[in-house]
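# Structure at a glance
Below are the chains, spelled out letter by letter.
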Amino acid sequence: MDKRITLRHLEAFRAVMVRKTVTGAAEMLDVTQPVVTRLIADLEERIAISLFSRDKGRLVPTPEATLLFADVNHSLMGIERIANAASGIKALKLGHLEIAAAPNMSMSFLPRAIASFTLEHPETLVTMHMHSSETVLDMVQSGRCNLGFAMIPMRTTRHGNSEILVSAKMVGVIPVRHRLAARKVLHPEDFEGESFIAMAPLMEVRTKIDSLMLSHGVSRRINVETQISSVVIKLAEAGAGISIIDPLTASGYSGSLLKFIPFEPEIVVDYSMVISPRHASTLILKPFIDHARREIRKMVPAKLILRGDGLVSSARR
């Protein structure tokens, strides 16, 4: 008997482990249940290991299956990365611009930049992925996209070229009926004892805010955390507390339940762009970068901008 393990065997094994049932695995792979059952039985015979026990028609993973799953999943992800890389190489030849961006940038100026760019370059396909800033940076550095837009200072990049599109001051987020809503400027001591909606730990802006509050001896009640700045606005509208947010997210708010008030001392955020070391043709990149730079400056209030000079640096310097 042929003892080789095929890609199909591994896909069937992963599908059963992920979906927990043969029915779910069959749906995931778009095949029939007997096909999944046959592939699992064939795999067990080829590796001479029992991967599942049968309990009233259900497949229950054995300890050996649990140990094997991590390696199988890692291998399949590697194959998927190769396929994506090959697809990316082909797409670049066809005029494909692939972008990864943090949520607050994906849902603010980038749709406008993409719309205006595609009107001028209808032959170019633009794909936008939305991820955390850290994931965006990883995608750019690994060559999985051409451009990344993130709230990360340029000093954090390790490869390729980076540019600060805009450096701007964060603002307070206050419900209109809150006692602080009439303030012209907010200071750290205003947040003493307040319910505070915080960004997730280890995020750049969370660290900046926490450090500033600590240096002023301010104690807040942090009952809610989120990774997405637009969710901070929704939480504040719902009465979960007050917060400090980046000005790009604040500028996209069109409701009437919140006020955005300047905060001092300044907490600065950088809206950065990173170009992949395996970037696409500059014939595609440069026009899009121009659109992105123009649209973000339209959205962020001029009074909050500290820098937007298109400074470019190489991480290799």
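Not measured: the values here are computed from a predicted model. (Residues numbered from 1 in each chain as written. Predicted model: local features only at pLDDT ≥ 70, side-chain atom pairs only at ≥ 80, totals over all residues. Heavy atoms only, no water.)

This brings us to unusual backbone geometry. Geometrically, the link from Glu264 to Pro265 is a cis peptide bond, its omega value of 0 degrees lying close to zero. Residue placement: Pro265 occurs in the loop between strand 11 (258-262) and strand 12 (268-275). One non-glycine residue, Asp30, adopts positive backbone phi at about 60 degrees. In this structure, Asp30 sits in the loop between helix 2 (22-29) and helix 3 (33-47). (Helix = DSSP H or I, 4+ residues; strand = E, 2+ residues; numbered from the N terminus.)

Attention now goes to the environment of Leu76. Counting through the fold element by element, Leu76 comes out in helix 4 (residues 63-93). Leu76 sits in the buried class, given a relative accessible area of 3%. Each C-alpha atom, one on Leu76 and one on Glu11, is 7.7 Å from the other, the two residues being 65 residues apart in sequence. The residues touching Leu76, leaving out its near neighbours within four places in the chain, are Leu7, Leu10, Glu11 and Arg14. (Buried < 20%, exposed > 50% of the residue type's maximum accessible area, 1.4 Å probe, protein only. Contact = heavy atoms within 4.5 Å.)

Here the focus is helix 1 (residues 7-19). Along its 13 residues, helix 1 runs 18 Å from first to last C-alpha, staying within 8% of the 18 Å computed at 1.5 Å per residue. Those residues of helix 1 that fall on the buried side of the exposure criterion are His9, Leu10, Ala12, Phe13, Arg14, Ala15, Val16 and Met17. Positive phi appears at Lys20, one or two residues downstream of helix 1, with a value of about 75 degrees. (Expected span 1.5 Å × (residues − 1).)

Turning next to the nonpolar core. In this structure, Phe109, Leu147, Phe149, Tyr271 and Phe288 are the most contacted members of the largest nonpolar core, which totals 61 residues. Of the residues forming this core, the biggest block, 7 residues, is contributed by helix 11 (residues 282-299). Those residues within four positions of Phe288 in sequence are excluded, and the remaining contacts are Leu97, Ile99, Leu110, Ala113, Ile114, Phe117, Leu147 and Phe149. Counting 20 residues, the second largest nonpolar core, distinct from the first, contains Val16, Val36, Ile40 and Leu51. (Core = buried A, V, L, I, M, F, W, Y, C linked by side-chain atoms within 4.5 Å.)

Turning next to the packing of helix 1 against helix 3. One can describe the packing of helix 1 onto helix 3 by two numbers: an axis separation of 9 Å at closest approach and a directional angle of 110 degrees. Considered as vectors, helix 1 and helix 3 are oriented roughly perpendicular to each other. Read as a crossing pair, helix 1 and helix 3 show a hand that is left-handed. Facing helix 1, whose interface residues are Arg8, His9, Ala12, Phe13 and Val16, helix 3 presents Val36, Leu39, Ile40, Asp42, Leu43 and Arg46. Tallied by class, residues from the contact of helix 1 with helix 3 come to 7 nonpolar, 1 polar and 3 charged. (Axes fitted to C-alpha atoms, helices over the stretch in contact; angles between N-to-C directions. Parallel < 35°, antiparallel > 145°, perpendicular 65-115°, else oblique. Left-handed = near helix turned anticlockwise from the far one by under 90°. Nonpolar A, V, L, I, M, F, W, Y, C, P; charged D, E, K, R; others polar.)

We now examine helix 2. Residues Val22, Gly24, Ala25, Ala26 and Leu29 constitute the buried set of helix 2. Summarising the contacts, the buried residues of helix 2 are in contact with helix 1, helix 3 and strand 2 (58-61). Positive phi shows up at Asp30, right after helix 2, with a value of about 60 degrees.

In this section: the pattern of salt bridges. With the rule as written, the count across this model stands at 15 salt bridges. Glu225 is paired through a salt bridge with Arg206; the nearest N and O atoms lie 3.1 Å apart. A residue pair is termed long-range when its members are at least 10 positions apart, and Glu225 in strand 9 (residues 221-226) and Arg206 in helix 8 (residues 204-215) qualify at 19 residues. The residue Arg220 makes a salt bridge to Asp210 at a minimum N-O spacing of 2.8 Å. Highlighted residues: Arg220 in the loop between helix 8 and strand 9 and Asp210 in helix 8, separated in sequence by 10 residues. With a relative accessible area of 16%, Arg220 lands in the buried category. Linked through salt bridges whose partners overlap, the residues forming this network are Glu163, Lys286, Asp290 and Arg293. (Salt bridge = Lys/Arg side-chain N within 4 Å of Asp/Glu carboxyl O.)

Taken as a whole and assessed by the stated rule, the structure comprises 8 aromatic pairs. Judged by centre distance (5.3 Å) and plane angle (85 degrees), the ring pair of Phe117 and Phe288 falls under edge-to-face. Within this pair, whereas Phe117 is found in helix 6 (residues 109-120), its partner Phe288 is found in helix 11, the two being separated by 171 residues in sequence. Accessibility classification places Phe117 together with Phe288 in one group, the buried group. Measuring from centroid to centroid gives 5.9 Å for Phe191 and Phe196, while their planes differ by 70 degrees, and the two rings are edge-to-face. Counting every residue linked through ring pairs, the aromatic cluster contains Phe109, Phe117, Phe149 and Phe288. In this arrangement the basic side chain of Arg220 is found over the ring face of Phe196, its NZ or CZ atom lying 4.6 Å from the centre. (Phe/Tyr/Trp six-rings, centres within 6.5 Å; stacked < 30°, edge-to-face > 60°. Lys NZ or Arg CZ within 6 Å of the ring centre and 35° of its normal.)

Within the open sheet, the 3 strands sit side by side as 10-7-11. Their pairing is antiparallel. Strands at the two margins of the open sheet, each flanked by one partner only, are strand 10 (243-245) and strand 11. The mean inter-strand angle of the sheet, taken between neighbouring strand axes irrespective of direction, is 35 degrees. (Pairing = 2+ DSSP bridges.)

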